[in-house]
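This is what each chain is made of:
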Amino acid sequence: MLRINDILDKVQSYLSPSEVEMIEKAYIFSASVHQEQIRLSGEPYLTHPMEVCGILAQMKLDAATLVTGLLHDTVEDTLATTEQIEDAFGKDVAFLVDGLTKISKITLGNQEERQAENFRKMILAMSSDIRILLVRLADRIHNMRTLEFQSPERQIYISKESLELYAPLANRLGINWMKMELEDLSFRYLDFEAYNDLARRVVKKKEKREEYTQEVNGIISRELDRFGIKGEVEGRAKHFYSIYQKMKEQHIDFDEVYDLTAFRIILDSDKEKDCYEALSIVHALWKPVPGRFKDYIAMPKANRYKSLHTTVIGPYGERVEIQIRTRAMHEWAEEGIAAHWRYKEGRALSSDDGDQIKKLRDLLDVQQEIENPREFMSNLKVALFPEEVYVFTPNGDVRAFPKGATPIDFAYSIHSDIGNQCIGAKVNRSIVPLKYQLKNGDTVEIITQAGHHPSKDWLKFVVTSRAIAKIRNWVKTEERKRSLVLGRDLLEKEFKKHHLKFGQIAKSSKMAEIYTEYHIDSLDDLMAGVGYGKVSPKHVVHHFLPEEETKKETTVAGTRKKGAETAPVGVSLTGIEDIMVRFGKCCDPLPGDEITGYISRGRGITVHTANCAHIREMDPDRLVDVQWDIREKREYPVQMRVVGNDKKGLLADISSAITSVDVNITHAEINISQDGEAVCDFAVNVNDLHQFNKVIVAVKKVREVVSVERLWRP
């Protein structure tokens, strides 16, 4: 357990005696208010704020941030107040603690709404002071380190959130060690078998890799000395999640991953030209691999990361990945914005650091207008997507985009009107399709036409959150216009059937009851809801019918529905009755998957998995909450892909593994890739996600199998 003296020893080297004294005072305050509180691990609760403070001290952050680390849960979890914090530790600390408390104090709504609101508030807080986000990241790191004491369900939820949101946030701030640790810890809980297997294999090769690392280090160091270049060479194993991602993306086995160790040349010089000189020395030593050189000094990453990356054919014909950077570049690469957050009284961030925070804020600002929680979280994940390509405007300006970005994304990055009126694009002076994926070095020119409007089909290939939000907003506005017209028409017809005038009743005070029941604010919302299919016009009319007629209608409806079930066994719908339900064939939802429903006019509700790729193309106003309601066991179809080394008997071994879990194979298709691998696609019937996961585990145990994954149809 970390002790307060350990923290004080760390901070004495860079904080003043009065600041060290304030940290000690915060420790005593935190210990007194958290007294008798216990964590799930059985340890005193105080261990958590102590560890968070220890992480912040390791990053050499300012005194106010360290004090906030010790006090970050006091207002939320104890009787302490913000006023007490301000009286004892000043306005700066009180502001930071209050910002963190507001992020955590969310109790309304479902899990998805709480998560969306949590991140919405975190972005707003970050706009005021980036230190709030740094404390939040340290808090998440320690929670992930002690995740074993949570329930399996919470482990999965927290790990997924850490991998998809907190790790990319750390990456955007340039805090590399945090990103890597969050990825590895999340990987451990999301796929324990794969993590364990990888860890075992890495340990097995450890001695051999260390010998190779020392040899390469020695060769590079001697060559740098020979040319009078001062610096150090270090080699360290890549983190597990990056190795796993490479195996998965390239469909290769662990033994085929050659560059398990990344080498860094960290120069004492602060001159960029010396990095290029060191690069020429490395390339003179070993032949570079074509297409594997990246110059992040000339074109830094969005998080201001600078370095030269090259891959060479090193000793014994092995591929060696080498990064070359100055000490200042290295400090930023590891610590990011935190490396420059050395607060002293009256000194703010440098302009470069301020620009970095502004970039992150601008990147996320477009999300703030999105009301739908599911859409907000989906767009936020896209906004934090780390891989980038660099393209040029016709004027020669460089713009960075996520990998897979298209000319439409480029158009919306310039201006919303340019995006909306885009009818074509030229890349390197040649006309290209709008779905063309931009490549590094492309020069992009957009062709527009006044009066042109965006197409809903664009949502199938755009990737930037800005483009997605703007296209969805336009589609949503158009859909709402059509739904208003349709909704009014349906309501007028239904009221006319009962000899009632909709126009007169719409102005009556009784309409307020309808608004309250459906959680809407106006007549337009009601008509739009009817037009979308979310509200039944019959249900609205019943509020205005005499009691005898209402009873008669209910009896007739009951007779008509008797013996007929419109929803399939296993799914319940929130607030919607008497509607046909079917499962999306694009994602084959299984009990245990997070699911959502989409209202389609005339075809009822289609149930999709919450992460189905088609969800982002749909109008958020037509999405409804659905839940699994399993009363009888039944089978659900699901697709899976198994990639393995093409050996005799492989298909029989895989089939045997699947049937050993009492699962039936309904279809199998086998193809041999150019690399000589067998790609086996199976359709199987399972009872739920738990049984499907058992199938994956069983198949992974087959000796020649390289990877197993659930298959999503286009």
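Visitor: It is not clear to me how the overall build of the protein chain should be interpreted in this structure. Could you clarify?
Guide: In terms of helices and strands, the protein chain carries 28 helices and 20 strands. Within the span of the protein chain, comprising 714 residues, buried residues form 50% of the whole. Of all intrachain contacts in the protein chain linking residues separated by at least 6 positions in sequence, the fraction that spans at least 24 positions is 67%. On the protein chain, roughly 35900 Å² of surface is accessible, and the fraction owed to carbon and sulfur atoms is 50%.

Visitor: Help me understand the pattern of salt bridges in this model?
Guide: When their charged atoms lie close together, side chains carrying opposite charge are able to pair. Per the counting criterion, the structure on display carries 27 salt bridges. Here Asp 268 makes a salt bridge to Arg 327, at a shortest N to O gap of 3.2 Å. Note that Asp 268 is positioned in the loop between strand E2 (261–267) and helix H15 (272–285) and Arg 327 in helix H16 (residues 327–335), a separation of 59 residues in sequence. When the shortest N-O distance is used, the salt bridge between Glu 492 and Arg 488 registers 3.3 Å.

Visitor: What am I meant to see in the environment of Arg 488 here?
Guide: In this fold, Arg 488 is placed in helix H21 (residues 465–497). In this structure Arg 488 comes out as partly exposed when scored by relative accessible area, which is 35%. Linking Arg 488 and Met 527, residues 39 residues apart in sequence, is a C-alpha distance of 5.5 Å. The contact partners of Arg 488, leaving out residues within four places of it in the chain, are Phe 502, Leu 523 and Met 527.

Visitor: What should I look at first to understand the packing of helix H3 (residues 47–58) against helix H9 (residues 130–145) in this one?
Guide: Packed helix pairs are characterised by how far apart their axes lie and by the angle those axes make with each other. Running from N to C, H3 and H9 cross one another at 120 degrees; their axes reach a closest spacing of 9 Å. Classified by the angle their axes make, H3 and H9 are oblique. The hand of the H3/H9 crossing is right-handed. Across the interface between the two elements, Thr 47, His 48, Glu 51, Val 52, Ile 55 and Leu 56 from H3 touch Leu 134, Val 135, Ala 138, Asp 139, Ile 141, His 142, Asn 143 and Arg 145 from H9.

Visitor: Before we go on, may I ask you to explain the sheet that holds strand E9 (residues 430–432) in this structure?
Guide: Through backbone hydrogen bonds, the strands of a sheet pair up, either in parallel or in antiparallel fashion. Taken together, the 3 strands give an open sheet; going across it, the order is E9-E8-E10, and neighbouring strands pair in antiparallel fashion. Each edge of the sheet is formed by a strand with only one pairing partner; in this case those strands are E9 and strand E10 (444–448). Ignoring which end each strand starts from, the neighbouring axes of this sheet average 35 degrees apart. Relative to E10, strand E8 (residues 422–427) runs antiparallel, the two sharing 5 bridges.

Visitor: What exactly am I supposed to notice about the side chain of Glu 334 here?
Guide: Along the chain, the position of Glu 334 falls in helix H16. Assessed through its relative accessible area of 13%, Glu 334 is described here as buried. Setting aside its immediate chain neighbours within four residues, Glu 334 contacts Gly 174, Ile 175, Asn 176, Trp 177, Arg 236, Arg 264 and Arg 325.

Visitor: Help me understand the packing of aromatic side chains in this model?
Guide: The way to describe two aromatic rings as a pair is by their centre distance and the angle between their planes. Scanning the model with the defined rule gives 13 aromatic pairs in all. Relative to Tyr 636, the ring of Trp 628 lies with its centre 5.8 Å away and its plane at 85 degrees, an arrangement referred to as edge-to-face. Linked through ring pairs, Phe 187, Tyr 195, Phe 240, Tyr 241 and Tyr 244 together constitute an aromatic cluster.

Procedures and definitions
Every chain begins its residue count from 1, and numbering advances along the sequence as written. Note on the predicted model: pLDDT of at least 70 is required for a residue's local features to be given, and 80 or more for side-chain atom pairs to be given and counted; whole-chain, interface and lining totals, by contrast, use all residues. Hydrogens are left out, water is left out, and the side-chain values use all remaining heavy atoms of the structure. Numbering of helices and strands starts at the N terminus; helices are DSSP runs of H or I of at least 4 residues and strands are runs of E of at least 2. Exposure classes here rest on a 1.4 Å probe applied to the protein chains alone. A residue is buried below 20% of its type maximum, exposed above 50%, and partly exposed in between. Pairs of residues are marked as contacts when any of their non-hydrogen atoms sit within 4.5 Å. Computed with the Shrake-Rupley method and a 1.4 Å probe, the accessible areas treat only the protein chains shown as cover for residues. We define a salt bridge as a side-chain nitrogen of Lys or Arg found within 4 Å of a carboxyl oxygen belonging to Asp or Glu. Lines are fitted to the C-alpha atoms to define the axes, a helix being fitted only along its stretch in contact, and any angle between axes, read from their N-to-C directions, falls within 0 to 180 degrees. Small angles under 35 degrees read as roughly parallel and large ones over 145 as roughly antiparallel, with 65 to 115 read as roughly perpendicular and the rest as oblique. For a crossing to be left-handed, the near helix must be turned anticlockwise from the far one by less than a right angle; the clockwise case is right-handed. Two strands pair if DSSP finds at least two bridges between them. Pairing of aromatic rings covers Phe, Tyr and Trp, the last counted by its six-membered ring, and requires centre-to-centre distances within 6.5 Å; plane angles under 30 degrees mean stacked, over 60 mean edge-to-face, and any other angle means tilted.

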